[in-house]
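Working through the structure, step by step
The primary structure of each chain is shown beneath.
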Amino acid sequence: MNRNNNSSGFVVGGGGGGDGEWVRVKEGVTEFMKGVAEMTVELGKGCRDIVKQSLVNEESYLVKNFGRDSYFGKRVGGTCSKVCGKLSFFNEYLPEDKDPLHAWSVIFFVSLLAFTAIYLNLEHDPSSPSTKEVKEVFLHPPSAARIVLPDGRYLAYKEQGIPANRARFSMIAPHTFLSSRLAGIPGVKGSLLEEFGICLLTYDLPGFGESDPHPNRNLETSAADMLFLADSLGLKKFWVVGYSSGSMHAWAALRYIPDRLAGAAMFAPMVNPYDRLMTREERRRAWDKWTRKRKFMYFLARRCPRFLAFFYRRSFLSGKHGQIDKWLSLSLGKRDKALMEDPIYEEFWQRDVEESIRQGNAKPFLEEAALQVSNWGFSLLDLKLQKKKRSGSADLLIWLKSMFIEVQEEYTGFLGPIHIWQGMDDKVVPPSMTDFVHRILPGAAVHKLPYEGHFTYIYFCDECHRQIFTTLFGTPQGPLTISSEQDENETTTLDEKNVEQQPEEVVANHGEL
């Protein structure tokens, strides 16, 4: 991994005309193009009628020499029929009353227009004045602690709060898209972590920050990296923290390393927007909250992820800072917009982005975007706490054993507690997504936050952080005090004993949540 340093500075964008002039020009061009489009449609309809009447009748020269029954038509038509036959499965996604030829031609031209519109929007954004100072991205000197993974890759991490050997509780937080190990729980104070005896670990995903890329990463390898980080720092049991798009790595930990988790704390957890478990109404309520550009980005991530590199190179990989809502096509509520204008948030965000993109490679971001909308390799239903299904002979054997000894029920899914905090004014991860998660995982405790957005509850809110830790850990008791070798041996199993009691509590309260 390249750990060299570069210098950077500031660029002041030049330009003459003001915002008003540009808006007027844009409105004029828009109206003109609308008129041209309407005239073109009518002209096209007229030309189509003329062609049908004069050129595409049975007696015309074209039909006789190039029609289906002609020599040319028979030679070429067979090949075209085979190709169309192989691609005919796409027609299943069309409405029943639409002609495939007409529908796919419209889809092609609409996609082309959408691609052009997004390009022009990124190239000329009227909300970003040309006279505003544009800050260039600064490449900071390497500063992360790193471990070597079994496959030889380096994983960069950051430790906050109490050292792992004295922590009463441990937490690991994978970061979101366009973020890094510097994020964690944004703005959380070290004094608060010490008060609750928390060791908070954050790390750079493969290819982000100072972590080496993974050649074939998926969500299972993501959980494996998290597990090895915990082992390297001596964590027996830990809580996983999932926020926004980073939640998919937390879900993966619940699926692949459940025995090492004390619980999960999720904030506006993102799920796969194409999840097959979603009902049509749940999917509609989620997608209706998103901008057209964001929907198009999801489509590209699912079907043609390589095209996303073009947009990334023109936004956050351009070498200049910008606005997160413009870069990621986010629609925000009033409180989220107000937070983003805060200088403290802006400074934090810019530093986090600089660390996230320090390698200048688009591939990790393409992988992250594709992971979000592709097959995860598991379902949220796999995490649901439920009695283990047995065959008839197994049930009979257990019944016989129960006559002589007490037989405990066996459960599948994640046995620990899951807490979800959801802002009700969140337009990035709509509340309907948490409703979907709660339908699949009814044992999860959902904390709905009126008037809160996507960022406002978890970013730079001391009282919010205290409420979160109190909900998870109860009354603060500070770090562990290790006074003897015996105490040290006892403290290493403290988290494990606590967690062994939690499944019984969760099972007992499963119907109440």
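These numbers were taken from a predicted model, which means no experiment stands behind them.

1. Topic: the environment of Gln160
Looking at where Gln160 falls in the secondary structure, it is placed in strand S4 (residues 154-161). Once the C-alpha coordinates of Gln160 and Lys189 are considered, the two residues, 29 residues apart in sequence, prove to be 9.2 Å apart.

2. What about empty space enclosed by the protein?
In this structure the tally under the stated criterion is five cavities of 30 Å³ or more. In this structure, the largest cavity encloses a volume near 580 Å³. Along the wall of the largest cavity there are 33 residues; nearest its centre are Phe177, Ser245, Arg294, Leu328 and Leu330. Of all the secondary structure elements, the ones that give two or more residues to the lining of the largest cavity are helix H9 (292-303), helix H10 (308-313), helix H11 (324-327), helix H13 (343-356) and helix H14 (363-373). A breakdown of the residues in the lining of the largest cavity according to their chemical character gives 22 nonpolar, eight polar and three charged.

3. Details of the pairing of strand S11 (residues 418-423)
Among the six residues of S11, six are classified as buried, and the element is accordingly described as predominantly covered. The alternating pattern of S11 places Ile418, Ile420 and Gln422 on one face and His419, Trp421 and Gly423 on the opposite face, and all of these are buried. Bridge analysis of strand S8 (residues 261-267) against S11 gives four bridges, and the strand direction is parallel. Residue pairing across strands places Ala265 opposite His419, the latter belonging to S11. One crossover worth recording links S11 to the parallel strand S12 (residues 445-449) by way of helix H16 (residues 431-440), and it is right-handed.

4. Observations regarding the side chain of His321
Here His321 shows up in the loop between H10 and H11. Discounting chain neighbours no more than four positions away, the residues touching His321 are Val134, Lys135, Glu136, Val137, Trp327, Gln350 and Glu354.

5. Comments concerning the nonpolar core
Ranked by internal contacts, the top residues of the largest apolar core, which has 113 residues, are Leu178, Trp251, Phe316 and Phe469. With near-sequence residues (within four places) excluded, Phe469 lies in contact with Met171, Ile185, Val188, Leu192, Leu193, Phe196, Ile198 and Gly474.

6. Quick notes on helix H17 (residues 462-473)
Compared with an ideal rise of 1.5 Å per residue, which puts twelve residues at 16 Å, H17 spans 16 Å between its outermost C-alpha atoms and is within 8% of the ideal. Every buried residue of H17 is listed here: Cys464, His465, Ile468, Phe469, Leu472 and Phe473. Projected onto a plane normal to the axis of H17, the buried residues spread over an arc of 140° and lie on a single side. If you follow the buried residues of H17, they end up packed against strand S5 (169-174), helix H5 (190-196), strand S6 (198-203), strand S7 (238-243), S8 and S11. Looking one or two places after H17, you find Gly474, whose phi comes out positive at around 80°.

7. Considerations on helix H8 (residues 280-287)
All buried positions along H8 are accounted for by Glu282, Ala286 and Trp287. The arc that holds every buried residue of H8, seen down its axis, measures 125°, which confines them to one face.

8. Brief notes about the sheet that holds S12
Read across the sheet, eight strands follow the order S3-S4-S6-S5-S7-S8-S11-S12 without closing on themselves; strand pairing throughout is mixed. Two strands in the sheet have a free side with no partner beyond their single neighbour: strand S3 (145-148) and S12. In this sheet, neighbouring strand axes are inclined to one another by 25° on average, regardless of whether the strands run parallel or antiparallel. The sheet strands contacting helix H6 (residues 219-232) are S3, S4, S5, S6 and S7, and the helix crosses S3 at an angle near 105°. Across the sheet, H16 lies against S11 and S12, angled at about 160° from S11, the strand it touches most.

9. A closer look at the pattern of salt bridges
Summed over all chains, the structure comprises 19 salt bridges. A salt bridge links Arg217 to Glu368; its shortest N-O distance comes to 2.7 Å. Here the residue Arg217 occupies a position in the loop between S6 and H6, and Glu368 occupies one in helix H14, the gap between them amounting to 151 residues. Here Asp435 makes a salt bridge to Lys448, at a shortest N to O gap of 3.7 Å.

10. Quick notes on the packing of H6 against helix H7 (residues 247-256)
Orientation of H6 relative to H7, taken along the N-to-C sense of each, is 80°, at an axis distance of 8 Å. With respect to H7, the element H6 is oriented roughly perpendicular. Note on element contacts: H7 touches H6 through Met248, His249, Ala252, Ala253 and Tyr256, opposite Leu219, Glu220, Ser222, Ala223 and Met226. Partitioned by chemical class, the residues of the contact of H6 with H7 number seven nonpolar, two polar and one charged.

11. As for the confidence of the model for the protein chain
Confidence in the prediction of the protein chain, expressed as mean pLDDT, is 80, and 64% of residues score 70 or more. Contacts for the low-pLDDT stretch residues 496-513, under 50 throughout, to residues beyond four places or in other chains number 21 contacts.

12. Examining the packing of aromatic side chains
Applying the stated criterion across every chain, the model contains 28 aromatic pairs. Between Tyr274 and Trp287, the aromatic rings sit 5.4 Å apart at their centres with planes inclined by 70°, giving edge-to-face as the arrangement. Remark: Trp287 occurs in helix H8 and Tyr274 occurs in the loop between S8 and H8; sequence separation between them is 13 residues. Pairing Phe348 with Phe460 gives two aromatic rings, centres 5.3 Å apart and planes at 90°, and the pair type is edge-to-face. With Phe348 in helix H13 and Phe460 in the loop between S12 and H17, this residue pair connects regions lying 112 residues apart in the sequence. Looking at Phe460, the relative accessible area reads 33%, which means it is partly exposed. Each residue in the set Phe177, Phe208, Tyr312, Phe316, Trp327, Trp349 and Phe365 is aromatic and connected to the rest through ring pairs, giving one cluster. Positioned above the aromatic ring of Tyr274 is the side chain of Arg302, whose terminal nitrogen or guanidinium carbon lies 4.3 Å from the ring centre.

13. Thoughts on the packing of H9 against H14
The description of two packed helices rests on the angle between their axes and on the distance between the axes. The N-to-C vectors of H9 and H14 enclose an angle of 95°; their axes lie 8 Å apart at closest approach. With respect to each other, H9 and H14 are oriented roughly perpendicular. Across the interface between the two elements, Tyr298, Ala301 and Arg302 of H9 pack against Ala369, Ala370 and Val373 of H14. Residue composition of the contact of H9 with H14, grouped by class: five nonpolar, no polar and one charged.

14. Examining unusual backbone geometry
Even without being glycine, Ser244 reaches a positive phi, approximately 55°. Note that Ser244 resides in the loop between S7 and H7. The class for Ser244 is buried, based on a relative accessible area of 10%.

What counts, and at which threshold
Residues numbered from 1 in each chain as written. Predicted model: local features only at pLDDT ≥ 70, side-chain atom pairs only at ≥ 80, totals over all residues. Heavy atoms only, no water. Helix = DSSP H or I, 4+ residues; strand = E, 2+ residues; numbered from the N terminus. 1 Å grid on protein atoms, 1.4 Å probe; cavity = no way out; pocket = protein on both sides within 12 Å on 5 of 7 lines; lining within 4 Å. Points joined across faces, edges and corners; volume = space filled by probe spheres on them. Nonpolar A, V, L, I, M, F, W, Y, C, P; charged D, E, K, R; others polar. Buried < 20%, exposed > 50% of the residue type's maximum accessible area, 1.4 Å probe, protein only. Pairing = 2+ DSSP bridges. Right-handed = clockwise from strand over helix to strand, strands pointing away. Contact = heavy atoms within 4.5 Å. Core = buried A, V, L, I, M, F, W, Y, C linked by side-chain atoms within 4.5 Å. Expected span 1.5 Å × (residues − 1). Arc of directions from axis to C-beta. Axes fitted to C-alpha atoms, helices over the stretch in contact; angles between N-to-C directions. Salt bridge = Lys/Arg side-chain N within 4 Å of Asp/Glu carboxyl O. Parallel < 35°, antiparallel > 145°, perpendicular 65-115°, else oblique. pLDDT = per-residue confidence, 0-100. Phe/Tyr/Trp six-rings, centres within 6.5 Å; stacked < 30°, edge-to-face > 60°. Lys NZ or Arg CZ within 6 Å of the ring centre and 35° of its normal.

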